[in-house]
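In case you want the letters, here they are:
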Amino acid sequence: MAVTAQALGASAMDPTRTGGDDRALASLFKAYTVSATFWLVFGTAVGLLLAFKFGAPDFWAEKYLTFGRLRPIHTNDVFYGWASIALVGCAYYVTVRSCGTQLYSILLARIGLWLFNIAAIAGTIALDLGYNWGDLEYREWPWPIRLVFLAALVVTVWNLLATIARRESKDIYLSNWYIVGGFLWTCVICVVAILPWYQKGLGQVAISGYFMHNAVGMWFTPLALGLFYYAIPKVLNRPIYSYALGVLAFWTNLVFYPMLGGHHFLFSPLPWWLQTTAIICSVGMLVPVLGGGANYLLTMRGRYHGRIESYPLAFLFVGVICYVFGSMQGTVEALRSMQAIWHFSDFTVGHSHFTMYGFVTFAAWGGIYALLPLATGKRPGSLGMSVHFWLALTGVAIYVIALSIGGTVQGLDWVHDKPFIQSVIDMKPYYLWRGVGGILMFLSHLVFVWNVWRMTAGKSGDAPSPIMESEEAAA
Amino acid sequence: MKKAMWAIFGGALLLYVVIVMAIAVGPAIDLAQTPPGPGVKPLTPLQAEGRQVFASNGCDYCHTEQVRPLPEDKVFGRPSAPGDFAYVTPEMLGSERTGPDLTNVGNAKPSDVWQYIHLYDPRAVEPASIMPNFKFLFRVVDKVPAGDTAVPVPPAFAPKHGYVIPTQKAKALVAYLLSLKQAPIPGYRMNGGMGGPTSAAAPAASAPATSASAGGYVFDAAKGKSLFEANCSACHQSTGEGIPTAFPPLVGNPAVEADDPTLQIETILHGAHGKVISGKRYSGTMTAFASQLNDTDIANIANYERSSWGNHAKHVTPAEVAAERAKGN
Ligand code: HEM
């Protein structure tokens, strides 16, 4: 690459410097966060209802409330409504500030937000009416709706690129690599998932395997990592530990991640070489994951006590930890011997929430708590943040632990050739615990609503500035 | 430094496109041309409509349609082969088994009546089920319209008044479910079972557990009960009472009570449909178990039936089952 890590010394685009007051950017960031928060509450209310249905399958079993219609509504709304819109809102702030400039077009950004919301609303309605062509996970929305989502991506990345092009500094801060990369790759993903010609029979199976994992790995992951690279140094008031390590993680992530989609179809009739490549790349993923994780943790070195004092940092810290361990768990899951037990079991659902909740959702919260007050000048209350943090953390821990144990029991029942119904019976207590965790998680989201209110429209709270004192000052 | 910008982003985009072509689009183009395997047929219009009902209502989030080459998957059939998926668009492979794999459910649960009752209320045939009911695919009417048949839902689960009639959607869905049968591939072993979940007897049960010699043969009551629960109770119920008009009772059933076990063994081995049993006909279809249960299993089940719910009949030996099996269908 033309750009060496050396040339990208941390000084030029040091995220710790602050820009001027930017009202338009603040109101944009607010609008994205409020939209995202709505989808979080809606999407997880549906998730909670789903969890309840495992214990009460006849509850609300009518056509429009049947499990199989609500489940894709849950997954798509938390993906494309909550996590995407929240991370895009943060991305705007990060890009504009790290480039030390102003946004290229507020109008484009507003159009983008409308498109994201229209896609999510139309998608929800379509799925509830039964317009689900094939239960193809995370691309269940009818394709015209996915085109709207693609249009939202295109206007956003256009806006971001034009903003980066007018930056003051010579270099492009690492966060923007991840963010813009994420957008560009995801445009490719959307196109590949929509074009129909090669999506017949087994060909479609190959695309499904590719899509499922690239949607999470090349969209949410880079956006969340880009946010980490900005928010963690910002909160700690010190530069990132190693820029070079960040660059290495970027390129290795790009090479390994796309190839591991096949691991969703191990033992399927997909060609063995494709499955084996997926396994090898799942192991290769340890490089960017450990490299990235170490980088974030080393940036936090010596300031660990700060996690307790600063809730934004606490959220980001949980996000980093879940990124590292969730990804490593994914590597273990991809090994054939482990898949034999866990594949198809509820262990996978535990893994999904470990990563999409523990990593991506916590990262988004950390980003919002760290950056939104800087944009709007309003802070949440410390009590509100701590209640949100502990409810969400306890809830997701119960959720993931219950399904990890339960999924193992379920998988072993199958390995031991027990009658299938035995695995259903054995899962019952774990489904119950999942519900308990889910209730705590959902309550935490209501507290989050309150905190968002205080950071946007309501009265500013008593939390300290998200930016911690620098060590020099503290010492 | 516009150059750096395009180098990073252009490079990252280009590299990604190359990778995607190599690992997704390229293989997909190739795989989409996989020819159908022997005996693999496209769906009829009705079955295809049923597949759409299946997708619309998200059955696929709880049920897979792929059998892996792993011992634990043997109960669902032979390992899926590439040729099986030639006509499967949209693909329905699924990713989670909250419920059992359905690749072979047309063989495991061949009775449309069973399917209707199960869809109307899964708890009516499987008390521990957590599958949602699909009552919205049925109508309740006061008089059965000409050309329709009422679903014989067991009284405890039936509506207080009226008859349960499947809608067009339910009929299409069941047509699709019954079409799910693996085509046999010569040389590809069936691995001892085409059954669904309920045929997943413990492996220990397949090994001759009790002395199988005719003389000193004692049947294993516990094993008989667990095998019955796993394979038979979905239709005949744990109480042996069956479901009126759909599945006959085994309590006081002449074939079970007879000294000559031929009819009972024959039915278990080869299945049955449309016989007159104690003066009544039943709309359901009895599964054939010859390929999934061995002689000892069948003897254990038969004897369990012969000595439960007030039945007292002469016991059967594995040797008698073997003799009946040797006669063929
Ligand atoms: C109150 C919080 C939540 C609850 C109670 C909840 C509950 C559930 C339930 C019951 C399922 C269906 C599992 C199954 O079919 O067996 C599910 C699936 C899923 N949820 Fe959530 N969820 C919550 C929050 C979230 C969030 C915030 C995200 C992502 C940002 C998320 C991502 C997913 C994904 C990706 C799946 C599909 C899992 C798979 O197929 O492996 N969930 N959730």
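Residues numbered from 1 in each chain as written. Chains lettered and ligands numbered in written order. Predicted model: local features only at pLDDT ≥ 70, side-chain atom pairs only at ≥ 80, totals over all residues. Heavy atoms only, no water.

**Remarks on helix α8 (residues 272–284) of chain A**
To keep it simple, the criterion reads: Put simply, DSSP marks the helices as runs of H or I at least four residues long and the strands as runs of E at least two long, and each gets a number from the N terminus on. Multiplying one less than the number of residues by 1.5 Å gives the expected span of a helix. Residue burial is assigned from relative accessible area. The probe radius is 1.4 Å, only protein chains are included, and a residue is buried under 20% of its type maximum, exposed over 50%, and partly exposed in between.
Taking 1.5 Å of rise per residue, 13 residues should cover 18 Å, and α8(A) covers 18 Å from first to last C-alpha, within 8% of that figure. Inspection of α8(A) places Leu274(A), Gln275(A), Ala278(A), Ile279(A), Cys281(A), Ser282(A) and Gly284(A) among the buried residues, and these make up the whole buried set.

**Comments concerning the packing of helix α7 (residues 221–231) of chain B against helix α11 (residues 295–306) of chain B**
All names here are of chain B. Note the cut-off: Only C-alpha atoms enter the line fits that serve as axes; for helices the fit covers just the stretch in contact. Angles between N-to-C directions range over 0 to 180 degrees. Angle categories: roughly parallel below 35 degrees, roughly antiparallel above 145, roughly perpendicular from 65 to 115, and oblique for all the rest. Should any heavy atoms of two residues lie within 4.5 Å, those residues are counted as being in contact. Nonpolar residues are Ala, Val, Leu, Ile, Met, Phe, Trp, Tyr, Cys and Pro. Charged residues are Asp, Glu, Lys and Arg, and all others, Gly as well, are polar.
Close contact between α7 and α11 brings their axes to 8 Å; oriented N to C, the two are set at 90 degrees. Put simply, α7 runs roughly perpendicular to α11. Here Ala-221, Lys-223, Gly-224, Lys-225, Leu-227 and Phe-228 of α7 lie close against α11, whose contacting residues are Asp-297, Asn-300, Ile-301, Tyr-304 and Glu-305. Taken together, the residues of the contact of α7 with α11 break down into 5 nonpolar, 2 polar and 4 charged.

**Topic: the coordination of the iron atom of the ligand**
We apply this condition: Donor criterion used throughout: N, O or S atom within 2.8 Å of the metal, extended to 3.2 Å for Na, K and Ca. Water excluded; incomplete-looking sites may result.
Summarising the metal site, the iron atom of the ligand is bound by the protein donors His74(A) (NE2) and His353(A) (NE2), whose distances to it range over 2.0 to 2.1 Å. A relative accessible area of 17% places His353(A) in the buried class.

**A short note on the site of the ligand**
This is how it is decided: Note on definitions. A residue lies near a molecule or strand when any single heavy atom of the residue is within 4 Å of it. In the analysis that follows, any N or O atom pair within 3.5 Å is treated as a polar contact, provided that within protein one partner can donate a hydrogen and the other can accept it, and provided that, for residues neighboring in sequence, both atoms belong to side chains.
Around the ligand there are 28 residues in total, and Arg71(A), His74(A), Ser352(A), His353(A) and Glu96(B) lie nearest to it. With respect to the ligand, its neighbouring residues span chains A and B. In the model, an oxygen atom of the ligand is placed 3.1 Å from a nitrogen or oxygen of the Glu137(A) side chain. Here Glu96(B) contributes a side-chain N or O atom positioned 2.6 Å from an oxygen atom of the ligand. Elements that contribute at least two residues to the shell around the ligand include exactly α1 (23–53), α2 (67–98), α13 (347–376) and α15 (420–455) of chain A. Considering each element in turn, the shell around the ligand owes the most residues, 7 residues, to α13(A). The residue inventory of the shell around the ligand, partitioned by class, reads 14 nonpolar, 9 polar and 5 charged.

**Regarding the environment of Val447(A)**
Residue and element names in this part refer to chain A. Inspection of the secondary structure assignment puts Val-447 in helix α15. Sequence separation of Val-447 and Trp-133 is 314 residues, and the distance between their C-alpha atoms is 36 Å. Apart from residues no more than four positions distant in its own chain, Val-447 is found in contact with Gly-384, Val-387, His-388 and Leu-391.

**Quick notes on the state of the cysteines**
This is how the line gets drawn: Any two cysteine sulfur atoms within 2.5 Å of one another count as a disulfide.
Following the criterion strictly, the structure yields 0 disulfides over all chains and no others. Cys322(A) takes part in no disulfide bond, and the closest cysteine sulfur, belonging to Cys90(A), lies 17 Å away. Residue Cys322(A) is classed as buried on the basis of its relative accessible area, which comes to 9%. Cys235(B) takes part in no disulfide bond, and the closest cysteine sulfur, belonging to Cys232(B), lies 8.8 Å away.

**Here we look at the domain arrangement of chain B**
Test applied: Each domain's extent is set by a domain assignment, obtained either automatically or from a database.
Domain annotation of chain B identifies domain 1 (37–79 + 88–202) and domain 2 (206–327). On a C-alpha basis, the centroid separation for the pair domain 1 of chain B and domain 2 of chain B is 24 Å.

**Concerning the packing of aromatic side chains**
Keep this limit in mind: Pairs were defined over the aromatic rings of Phe, Tyr and Trp, the Trp ring being its six-membered one, requiring ring centres within 6.5 Å. Orientation was assigned from the angle between planes: stacked under 30 degrees, edge-to-face over 60, tilted for the rest. Distance and angle both matter: a charge sits over a ring if NZ of Lys or CZ of Arg is within 6 Å of the ring centre and within 35 degrees of the ring normal.
Overall, the coordinates contain 54 aromatic pairs over all chains when judged by the stated rule. Ring centres of Phe134(B) and Phe136(B) lie 5.8 Å apart, and the angle between their planes is 65 degrees; this geometry places the pair in the edge-to-face category. We classify Phe136(B) as partly exposed; its relative accessible area is 21%. Three or more aromatic residues link up through ring pairs in this structure, and these residues are Trp177(A), Tyr178(A), Trp185(A), Phe228(A), Tyr229(A), Phe250(A), Trp251(A), Tyr296(A), Tyr323(A), Phe359(A) and Tyr16(B). Over the face of the ring belonging to Trp114(B) we find Lys109(B), whose NZ or CZ atom lies 4.7 Å from the ring centre.

**Some words on the side chain of Ser345(A)**
When you line up the elements, Ser345(A) lands in the loop between α12 (336–342) and α13. Overall, the relative accessible area of 0% leaves Ser345(A) in the buried class. Polar side-chain contacts of Ser345(A) include one of 3.5 Å to the backbone oxygen of Gly407(A). Among residues more than four places away in sequence, those in contact with Ser345(A) are Gly407(A), Gln410(A), Gly411(A), Trp414(A) and Glu96(B).

**A look at the interface of chain A and chain B**
Defined as follows: Accessible area, probed at 1.4 Å, shrinks when two parts are joined; the buried area is that loss added up over both. Salt bridge, as used here, is a side-chain nitrogen of Lys or Arg placed within 4 Å of a carboxyl oxygen of Asp or Glu.
Facing the 86 residues of chain A at the interface are 78 residues of chain B. Both sides of the chain A and chain B interface together cover about 6,900 Å² of buried area, and 69% of this is carbon and sulfur. Residues Arg71(A) and Glu96(B) are paired through a salt bridge, measuring 3.0 Å at the closest nitrogen-oxygen approach. It is helix α6 (residues 201–236) of chain A that provides the largest number of residues to the side of chain A that touches chain B, a total of 11 residues. Counted by class, the side of chain A that touches chain B contains 53 nonpolar, 18 polar and 15 charged residues.

**A short note on the nonpolar core**
Our working definition: In this description, a nonpolar core means a group of buried Ala, Val, Leu, Ile, Met, Phe, Trp, Tyr and Cys residues linked to one another through side-chain atoms lying within 4.5 Å.
Judged by nonpolar contacts, the single largest core of 176 residues is most densely connected at Trp82(A) and Trp365(A). The element best represented in this core is α6(A), accounting for 23 residues. Grouped together as the second largest cluster of nonpolar side chains are 33 residues, Val53(B), Cys59(B), Val151(B) and Val153(B) included.

**Points about the environment of Arg69(A)**
You can see Arg69(A) is positioned in helix α2. By relative accessible area, Arg69(A) is classed as buried at 5%. Sequence separation between Arg69(A) and Asn132(A) is 63 residues; the distance between their C-alpha atoms is 8.3 Å. Contacts of Arg69(A), omitting those with residues within four sequence positions, involve Lys63(A), Tyr64(A), Leu127(A), Asp128(A), Leu129(A), Gly130(A), Ser56(B) and Asn57(B). In this structure the side chain of Arg69(A) is engaged in a polar contact, spanning 2.9 Å, whose partner is the backbone oxygen of Asp128(A).

**With respect to the confidence of the model for chain B**
Residues and elements named next belong to chain B. Counted only if it meets this: Confidence of the predictor in every single residue is expressed as pLDDT, which spans 0 to 100.
Chain-level statistics for chain B give a pLDDT mean of 86 and a share of 90% at 70 or above. Between residues 189–215, whose pLDDT stays under 50, and residues either more than four places distant or in other chains, the model counts 67 contacts. For this predicted complex, the interface score ipTM comes out at 0.92, while the overall pTM is 0.87.

**Overview of unusual backbone geometry**
A cis amide bond links Thr89(B) with the next residue in sequence, Pro90(B), at an omega value of -5 degrees. As for its position among the elements, Pro90(B) is in the loop between α2 (45–56) and α3 (105–108). With a phi close to 70 degrees, Tyr138(A) is a non-glycine residue in the positive phi region. Along the chain, the position of Tyr138(A) falls in the loop between α3 (106–128) and α4 (143–165). Residue Tyr138(A) is classed as buried on the basis of its relative accessible area of 14%. Residues other than glycine seldom take positive phi values, yet Asp417(A) does so here, at roughly 55 degrees. Note that Asp417(A) resides in the loop between α14 (382–415) and α15. Classification of Asp417(A) by relative accessible area gives buried; the value is 17%.

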